[in-house]
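Given next are the chains, with one letter for each unit.
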Amino acid sequence: MQNLLTHVRKYIIRGLLAIIPLALTYLAVMFFYSAIDQRVVGIIRKTFAFTFPGLGILLVLASLYILGLVASNVAGKQLFHLIEKIMNRVPLVRTTYKVGQQLKTTLSLPDKHIFKKAVLVEYLKPGMWTLGFVTGKIVDRKNKDEILFKVFVPTPPNPTSGTMILVRESETRDPGWSIEEALNSVLSAGIIGPGELR
């Protein structure tokens, strides 16, 4: 009887673990649907008394497309330049807007990868290795033009926050992981990711 209960419990847990990704995907789709589609559809229903499921999402995508066209022509560029000038004059908004601008610039360059490669660095104290991403290089003119790595050390599970450190290449260790594998490890707080250093 004990073996039967152990067997049943084991496979119930496995079934639960198997359905978690599907459940999370379903919840994300439902949130997107309720947060965007239903609200936009509600406005359209009040205004035009006409609607169908998915209309809100289609309208949001169409609006983004039109906004992209506007931002690409001369008048649109001048309009966004004016908005940028206004944003740069508001103290608190200016900082947030500049971060958004830098992110936009980075993402709009297809030949420029944000992260060059994943590395391990000794961080906080010797012998304690942490995962970081090389974002570029910098020349140390005061130390015989030595090349230093700019390494972004993210804060799990949110890779958009963290700190940037400068280290010598000799002070880094290559785990042999791809950027995607390293990001998966950060996003899951180490639960998902490679099981070995290659």
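Residues numbered from 1 in each chain as written. Predicted model: local features only at pLDDT ≥ 70, side-chain atom pairs only at ≥ 80, totals over all residues. Heavy atoms only, no water.

Caption draft 1: Inspection of the overall build of the protein chain at higher detail. Across its full length, the protein chain carries five helices and five strands. What you see in the protein chain, going N to C, is helices and strands ordered as α-α-α-α-β-β-β-β-β-α. Every one of the 198 residues in the protein chain was classed for burial, and the buried ones make up 17%. Long-range contacts, defined as pairs at least 24 residues apart, comprise 28% of the intrachain contacts of the protein chain with a sequence gap of at least 6. For the protein chain, the exposed surface amounts to about 15,100 Å²; the carbon and sulfur share of it is 65%. (Helix = DSSP H or I, 4+ residues; strand = E, 2+ residues; numbered from the N terminus. Buried < 20%, exposed > 50% of the residue type's maximum accessible area, 1.4 Å probe, protein only. Contact = heavy atoms within 4.5 Å. Areas by Shrake-Rupley, 256 points an atom, 1.4 Å probe, with all protein chains shown as cover.)

Caption draft 2: Representation of the packing of aromatic side chains within the structure. Evaluated as defined, the whole model comprises two aromatic pairs. Centre to centre, the rings of Phe115 and Phe133 are 4.4 Å apart; their planes meet at 20°, and the pair counts as stacked. Here Phe115 is found in the loop between helix H4 (91-107) and strand S1 (117-122), whereas its partner Phe133 is found in strand S2 (residues 129-140), with 18 residues between them in sequence. Side by side, Phe115 and Phe133 carry an identical accessibility label, which is buried. (Phe/Tyr/Trp six-rings, centres within 6.5 Å; stacked < 30°, edge-to-face > 60°.)

Interpretation in functional terms is not warranted from these geometric data alone.
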